[in-house]
Every structure is written in structure tokens, then in C-alpha cells.
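The residues making up each chain are set out below.
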Amino acid sequence: MAKLTLPKGFQAIHGGGKFPPAWDFKKTKTLQGKIVASRKATFDKGKKDERTITIWTVKTATGEVSVYESAGLRGLLQVKKGAEIFIQYLGKKKIPGRKRQQPMNDFAVAAK
């Protein structure tokens, strides 16, 4: 990844953002920390399957990670900034009645 270098006196207002790496839930099955920020991201803009999701920044004991909204993590939409959360990856879950669709990633989500 290229490093952003700006001329003297300039401040980045778009691009070159420093976002934490995505949480690798298959490698680290649990995540515990505090929601310190959230942002929206739009994928496939202008296409039939355009969608906007929330991406949360979670501060853990080892640093910050990004958590991307998915069907299994929609419970996080009810949690406010500053709340402590715990997420556990439970594995793949088949959706009844959807034979051709891939199984979804299933999570347990808790907050205090």
C-alpha cells in the first residue's frame, strides 16, 4: 500500500484514511472491546445490488479493528458508541428454504 504524502499546509479530507484492519473472525473467534466510532460505506454504487452498510471501529486490549455489518451482526445496530461489546463467531449457518444460497456467518452479539 502506498504511503500518503501531502504538500506542506494540506490536510487530507478524502482518501488516504487510516482505518483499522478488519476483524478476522475465522482466525480470532471472539472479539471484546468498546465501540469508538462508526461509519457508512456503500458498495456496488449505481448498480442493481447497491447497498450501504455500517462499519464499526472497536477498540480492544490489543488495538483497534473494523467490524463490517452483516446479517449475523445486525444486533450491533442497536448499540451506541462507547458501549462495550462481545462478539463470538459461531460458524456457518444454513438458511432454511434457500438451497442455492451459501450459508451465512453466524455470531452471538452481546453489549453492556
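Here goes a summary of the coordinates provided. (Residues numbered from 1 in each chain as written. Predicted model: local features only at pLDDT ≥ 70, side-chain atom pairs only at ≥ 80, totals over all residues. Heavy atoms only, no water.)

1. Let's talk about the overall build of the chain
Now for step 1: Secondary structure summary: the chain contains zero helices and five strands in total.
Now for step 2: Beginning at the N terminus, the succession of helices and strands in the chain can be written as β-β-β-β-β.
Now for step 3: On C-alpha atoms alone, the chain measures out to a radius of gyration of 17 Å, which is more than a quarter above the 13 Å that the 2.2 N^0.38 rule sets for 112 residues.
Now for step 4: For the chain, the spread of C-alpha atoms along the principal axes amounts to about 60 × 40 × 25 Å.
Now for step 5: Taking all 112 residues of the chain together, the buried fraction comes to 26%. (Helix = DSSP H or I, 4+ residues; strand = E, 2+ residues; numbered from the N terminus. Rg over C-alpha atoms; globule rule 2.2 N^0.38 Å. Buried < 20%, exposed > 50% of the residue type's maximum accessible area, 1.4 Å probe, protein only.)

2. Some details on the pattern of salt bridges
Now for step 1: According to the stated counting rule, one finds two salt bridges in the structure shown.
Now for step 2: In this structure, Asp44 engages Arg51 in a salt bridge whose closest nitrogen and oxygen atoms are separated by 2.8 Å.
Now for step 3: In this structure Asp44 comes out as partly exposed when scored by relative accessible area, which is 31%.
Now for step 4: A residue is classified by how much of its surface remains accessible, and Arg51, at 42% relative accessible area, is partly exposed.
Now for step 5: Arg74 is the partner of Glu69 in a salt bridge, and the nearest nitrogen-oxygen pair spans 3.3 Å.
Now for step 6: What makes Arg74 partly exposed here is its relative accessible area of 46%. (Salt bridge = Lys/Arg side-chain N within 4 Å of Asp/Glu carboxyl O.)

3. A word on unusual backbone geometry
Now for step 1: Even without being glycine, Asp44 reaches a positive phi, approximately 55°.
Now for step 2: By secondary structure assignment, the location of Asp44 is in the loop between strand E1 (30–43) and strand E2 (51–60).

Interpretation in functional terms is not warranted from these geometric data alone.
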